Amino acid sequence: MTRPAPVRKPRARSQARIDSILDAARTLLAAEGVASLSVYSVAERAQIPPSSVYHFFASVPALLEGLTADVHAAFRACLQAPIDHDALRDWRDLSRLVEQRMLEIYDEDAAARQLILAQHGLTEVTQADRQHDLELGDLMHKLFDHHFELPKLPDDVDVFALAMELGDRVYARSVQQHGQITPRMAEEGMRVFDAYIGLYLPPYLPKRVL
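Residues numbered from 1 in each chain as written. Predicted model: local features only at pLDDT ≥ 70, side-chain atom pairs only at ≥ 80, totals over all residues. Heavy atoms only, no water.

### A closer look at the nonpolar core
Val42, Leu64 and Met140 are the most contacted members of the largest nonpolar core, which totals 61 residues. Of all the secondary structure elements, the ones that give two or more residues to this core are helix 1 (12–32), helix 2 (39–46), helix 4 (60–80), helix 5 (91–108), helix 6 (110–117), helix 7 (123–147), helix 8 (159–178) and helix 9 (183–197). With eight residues, the single largest contributor to this core is helix 4. Counting contributing residues per domain, this core is built from domain 1 (10–58) and domain 2 (65–199), each supplying no fewer than three. (Core = buried A, V, L, I, M, F, W, Y, C linked by side-chain atoms within 4.5 Å. Buried < 20%, exposed > 50% of the residue type's maximum accessible area, 1.4 Å probe, protein only. Helix = DSSP H or I, 4+ residues; strand = E, 2+ residues; numbered from the N terminus. Domains from an automatic or database assignment.)

If you want it as structure tokens, here you go:
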């Protein structure tokens, strides 16, 4: 029986070219928004031929999907960053810490706000974002379960992923109205996240012994 061919990582030179393309797209997206993004503008910004962009990204939606994956990699990193277990009094402390880390990413990365919170109408990007949200929701579930003894949660609803999507709706409203997530709306988004999670988690959860 033949074995499937192993998935190969891009060579260093190819990865460097991909990184330069994504960096150029990120800069343009932050400055001008999704509507003005094109393969040719990205190629010009990256100072490479358009054919080189097409070699790695066949279309603008494919390029935006690559950027979306890049943004969610930063979100995954913030969930995997060290947390002072002893400083957590209850699960809401963990919730606020995680949400504040994600808000910092939105605050520092205008491209992330454009991709995930702005209204762009690109189905491919929205679908990619939702798939990444499921992965982040799973990571968040594991993070909460690492620090606290969780009750049994529904199997047919991704509670943590949905909580993030609900919070993002509040942040998106702020971006659409103010061009940024204001402190007031950041607080409201965190309250929405906690309120939904609180439907499934009791006010007090026993902390695990780490």
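### Topic: the packing of helix 5 against helix 8
Direction vectors running N to C along helix 5 and helix 8 enclose 45 degrees, while the axes themselves pass 13 Å from each other. Put simply, helix 5 runs oblique to helix 8. The chirality of how helix 5 crosses helix 8 is right-handed. Contact residues: Glu99, Met102, Leu103 and Tyr106 in helix 5; Met164, Asp168 and Tyr171 in helix 8. Grouping the amino acids of the contact of helix 5 with helix 8 by side-chain chemistry returns five nonpolar, no polar and two charged. (Axes fitted to C-alpha atoms, helices over the stretch in contact; angles between N-to-C directions. Parallel < 35°, antiparallel > 145°, perpendicular 65-115°, else oblique. Left-handed = near helix turned anticlockwise from the far one by under 90°. Contact = heavy atoms within 4.5 Å. Nonpolar A, V, L, I, M, F, W, Y, C, P; charged D, E, K, R; others polar.)

### Observations concerning the environment of Leu97
Here Leu97 is to be found in helix 5. With a relative accessible area of 26%, Leu97 lands in the partly exposed category. In the structure, Leu97 is positioned 14 residues away from Ile83 in sequence and 8.8 Å away in space, judged by C-alpha atoms.

### Some thoughts on the UniProt feature "DNA-binding region" (unreviewed entry) in the chain
Feature annotation in UniProt places "DNA-binding region" (unreviewed entry) on residues 38–57, given in this structure's numbering. Within the segment residues 38–57, helix and strand shares are 75% and 0% respectively, and the terminal C-alpha atoms sit 11 Å apart. (UniProt positions renumbered as here; feature names shortened; annotations may be inferred.)

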